[in-house]
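Inside the fold
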Amino acid sequence: MTLSSTDPLWQIYTTLVQYPILRTRIRARMRKALFERGVISPQEFEALVREHAIRSQQREGVPRYGDPEDVWETRRERIRSHLTDLYFAYNLPIELFEEIVREVLAERRPLADDVDITFNPEFAPEPLLLEHASMLVEMSPEERQKHWSREQEIKVALIRRIISDQLAYVSLAKEWLTLQDLLDIARRKIGPGKIGGKAAGMLLAYRILRSAADEDIRATIHVPESFFLGSDVMYAFMAHNDLMQWSDQKYKPREEIEARYPILREAFLRGRFPDDIEEALRDLLSQIGQHPIIVRSSSLLEDNFGASFAGKYDSYFCPNQGSLEENLRDLTRAIAGVYASAFAPDPILYRKARGLLDYDERIAILIQKVEGETFKGLYFPQAAGVAFSRNLFRWSPKIRMEDGFVRLVWGLGTRAVERVGDDYPRLVALSHPLLRPETTAKEIRRYSQRYIDVIDLTGNAFRTLPVTEVLDRTYPPLRYIVSLDAGGYITPLHSTFLPREKIHDLVVTFDEWLRRTPFADRMRRILRTLEHHYQRPVDVEFTARLVNPRAPNPDVEITLVQCRPQSVFTEVPTTLPEHLDDDVLVLDTHNIVPHGYVPHIRYVLFVTPEGYYRLKEPDKRARLIQAISQFNAQREERDFICVGPGRWGTRNPELGVQVSYADIYNAKALVELSSSQFGVQAEPSFGTHFFQDLIEAGIFPLAVDLDDPRTRFNRAFFYETPNRLREWLPDAPADLDDVLRIIHVEDFAEGHVLRLVLNATQGRGIAYLAPKTGDATRMR
């Protein structure tokens, strides 16, 4: 070994610089030599480390106990390394040092004695934890077993340091994640901080399935290639761009939050990243190449046990088809957009409603390669969706709740988790995957997917296209995704030799996908395995592809994109009242409902269908939503329900009232009216992000088909009861008087409340008048 200086300390220093990964192991052997040869005892050495650490604090003007624990441990570790080099250089021969280095380099695995236990893993620097994790991974099984308890301590410390410090997660993750998993995460992480809840849930679910699922699942389950931007980078970005002024946004009044947010967002989008982060992102894009990516939030609270934050923060698809600098610009802008969404009204009010407002909600970023394949210049997966281990909405007594439920779409999964346009996913009860809610060919076509979300590789853009523009007889899995409307009945596609004009007769059903592949059975077992080990219901977002689509019974691969604990309504036994008189009955619907019971409804917020659809101007509809939100904010007693046309929470105001969770979180139920008279059909929103909000807040969704002859809708109650709008909202615009009705139940029946009973088994929901006390079903 040739050295450039005769000074032993210089020789030691320059040698260790060459071996950064082995540094910890070499220094551990050096200290062992010092202790064994009596140069200094371990107790004396650690006392000296402490003394020098205190002196360094004094030089820096730091009070004795002024360091946070992690800073104190970093300070001590640096001094420990320096003293090791110093004492060895001037007390032991340099030949011994060279021998130690040769031994370490020659060893395939570290020895158990190399694991230095002079630091507290809870406060140790992240690089030191990773070095020790790497040493333990390289040990032989026999040597590693000697340090089993130490390994658990380092594993938990790393989980808390780089993934999540949520206790429920840590307790589960330590049983499944390996040190190698944690090292792989660290290798793919840019910047300091944790990787957040969304990334944590995906990785944990994947490890559980790879370890505990059936063999066919282990062979066909995947996760996307993923990279992580640490949560602390968010604050570095804000500080770098003078954006910390916005950090108090969450404590502002709602009106001010809403008014300030567009300005805040533009300020974030103009921001630049620190040079080291930008360079790391540039290197990442060089590594990924021109493959579409998605930039997703992964906040410290996201996908938590009890608060999923589903859909609360923005995500962005980056087609990634430009030059490196253009792709970097799009990526950094997408990340800035995700950061800005943390300060939007909806997530702030969501956190406030759950008592989480004071939590430091930094956002990590999950960057994933988009799963899919190219067809006609477009990039998209064969199938995507969201699956739930518990089916809360059963449209037939045959359906088993415990077998789960799927919302399945063709193309990117955005259409499965949002209520977008006049469009519908395939609803799949995994206990009976071919049993549909619809019964006629007309209904099947009416409630089918009409649009597909794709990435246009040529146009370098995310696009939504009619399915008829993308469907083609040359598409390999075509017969598994679509069926043929043969005029009065739906039939499988027996041949792909279709005349072009027949393309418009194709309906996205996934019938043959569900009939001839193992998808439904495999997804049911995936959900059951995850629920068993999570010890609570779960939901997963996924993509899927047929491995050999030209085979008669092709295999299917499933890629997990996300996993989180599923929010569920508290199941309470409900018995529908019998023999209700017409003057007591306010609403009676036969539809897909959960079990539910709301015993004390004092107010009904009713958006009249005819009034709503006369509001054509966007500003007038915005004022309606503002009025709904203002009433909601005043009813913290949560004693009201909302009734209105079409879909509550839709993105398309032509299809329903475009409220967000922040506008209705105090309601106890959302009733969605549908009728051919106003051209809107209310599809159950189960599985969407909006629906997740409803479950967590204990808000029951209820679809009411006014065209169904079994439906009872008491028009006198809804239209003839005095409107209390001016009493509650005196400044509401005059043009809302015939659109928004606030009904006090006692104005219709003095001394009474409205009671809502939902029975999933019978598929029926009833709202009826009842005395404030007792359970009588006849007015007195």
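The structure contained in this document is the topic of the report that follows. Being a predicted model, the structure only gives us computed values, none of them experimental.

Within the protein chain, the regular secondary structure consists of 30 helices and 28 strands. Taken over the C-alpha trace, the protein chain has a radius of gyration of 31 Å; the compact-globule value for 780 residues is 28 Å, and the two agree within 12%. Reported as C-alpha extents along the three principal axes, the dimensions of the protein chain are approximately 100 × 65 × 50 Å. Out of the 780 residues belonging to the protein chain, those deemed buried represent 59%.

Turning our attention to helix H23 (residues 519–534). Its 16 residues give H23 an end-to-end C-alpha distance of 22 Å, which sits within 8% of 22 Å, the value for a rise of 1.5 Å per residue. H23 sits mainly inside the fold: twelve of its 16 residues count as buried. Taken as a whole, H23 has its buried residues at Phe519, Ala520, Arg522, Met523, Arg524, Arg525, Ile526, Leu527, Thr529, Leu530, Glu531 and Tyr534. One or two positions beyond H23, positive phi appears at glutamine 535, with a value near 60°.

This part takes up the side chain of glutamine 368. Within the secondary structure, glutamine 368 is located in strand S6 (residues 363–369). Its relative accessible area of 2% is what places glutamine 368 among the buried residues. In this view, glutamine 368 contacts Met202, Pro224, Glu225, Ser226, Pro292, Ile293, Ile294, Arg296 and Val561; residues no more than four positions away in its chain are not counted.

Turning our attention to a nonpolar patch on the surface. Taken together, the side chains of Trp10, Tyr13 and Val17 make up a nonpolar region of the molecular surface, amounting to roughly 320 Å² of accessible area. Its location among the elements puts valine 17 in helix H1 (residues 8–18).

Here we come to the environment of phenylalanine 462. With respect to the helices, strands and loops of the structure, phenylalanine 462 is situated in strand S13 (residues 461–466). By relative accessible area, which is 36% here, phenylalanine 462 ends up partly exposed. As for phenylalanine 462 and phenylalanine 317, which are separated by 145 residues in sequence, their C-alpha atoms are 6.8 Å apart. Setting aside chain neighbours within four positions, we find phenylalanine 462 in contact with Phe317, Pro319, Leu412, Thr414, Asp453 and Val454.

For the rest of this paragraph, the subject is unusual backbone geometry. In terms of backbone geometry, most residues other than glycine have negative phi values and most peptide bonds are trans. Phi at asparagine 320 takes a positive value of approximately 65°, unusual for a residue other than glycine. Note on placement: asparagine 320 falls in the loop between strand S5 (316–318) and helix H16 (324–341).

Attention now moves to the packing of helix H14 (residues 254–269) against helix H17 (residues 345–353). Look at H14 against H17: their axes get within 10 Å of each other, and the N-to-C directions meet at 150°. Judged by the inter-axis angle, H14 sits roughly antiparallel to H17. On H17, the residues touching Arg254, Ile257, Glu258 and Tyr261 of H14 are Pro345, Ile348 and Leu349. In terms of residue class, the contact of H14 with H17 is made up of five nonpolar, no polar and two charged.

Compared with an ideal rise of 1.5 Å per residue, which puts 14 residues at 20 Å, helix H2 (residues 23–36) spans 20 Å between its outermost C-alpha atoms and is within 8% of the ideal. When you tally the buried positions in H2, you get ten out of 14 residues, the bulk of the element. Those residues of H2 not exposed but buried are Thr24, Arg25, Ile26, Arg27, Ala28, Arg29, Met30, Arg31, Ala33 and Leu34. Just downstream of H2, glycine 38 is the residue with a positive phi angle, here 75°.

The next point concerns the packing of aromatic side chains. The final tally for this structure, using the stated rule, is 30 aromatic pairs. An angle of 90° between the planes, with centres 5.6 Å apart, marks the rings of phenylalanine 380 and tryptophan 410 as edge-to-face. Here tryptophan 410 lies in the loop between strand S10 (405–409) and helix H18 (414–417) and phenylalanine 380 lies in strand S8 (residues 378–380), a separation of 30 residues in the sequence. Using a relative accessible area of 0% as the deciding quantity, one classes tryptophan 410 as buried. Ring centres 6.2 Å apart and planes at 70° place the aromatic pair tryptophan 513 and phenylalanine 519 in the edge-to-face group.

Moving on to the pattern of salt bridges. Summed over all chains, the structure comprises 63 salt bridges. With a closest N to O distance of 2.7 Å, arginine 525 and aspartate 214 form a salt bridge. Highlighted residues: arginine 525 in helix H23 and aspartate 214 in the loop between helix H11 (196–212) and helix H12 (215–220), separated in sequence by 311 residues. With a closest N to O distance of 3.2 Å, arginine 272 and glutamate 278 form a salt bridge. Residue glutamate 278 is classed as buried on the basis of its relative accessible area, which comes to 13%. Through salt bridges with shared partners, a single ionic network connects Asp214, Asp216, Asp521, Arg522, Arg524, Arg525 and Asp555.

Quick notes on the rules
Residues numbered from 1 in each chain as written. Predicted model: local features only at pLDDT ≥ 70, side-chain atom pairs only at ≥ 80, totals over all residues. Heavy atoms only, no water. Helix = DSSP H or I, 4+ residues; strand = E, 2+ residues; numbered from the N terminus. Rg over C-alpha atoms; globule rule 2.2 N^0.38 Å. Buried < 20%, exposed > 50% of the residue type's maximum accessible area, 1.4 Å probe, protein only. Expected span 1.5 Å × (residues − 1). Contact = heavy atoms within 4.5 Å. Patch = residues over 30% accessible without salt bridge, like charges linked within 9 Å, V, L, I, M, F, W, Y side chains within 5 Å. Areas by Shrake-Rupley, 256 points an atom, 1.4 Å probe, with all protein chains shown as cover. Salt bridge = Lys/Arg side-chain N within 4 Å of Asp/Glu carboxyl O. Axes fitted to C-alpha atoms, helices over the stretch in contact; angles between N-to-C directions. Parallel < 35°, antiparallel > 145°, perpendicular 65-115°, else oblique. Nonpolar A, V, L, I, M, F, W, Y, C, P; charged D, E, K, R; others polar. Phe/Tyr/Trp six-rings, centres within 6.5 Å; stacked < 30°, edge-to-face > 60°.

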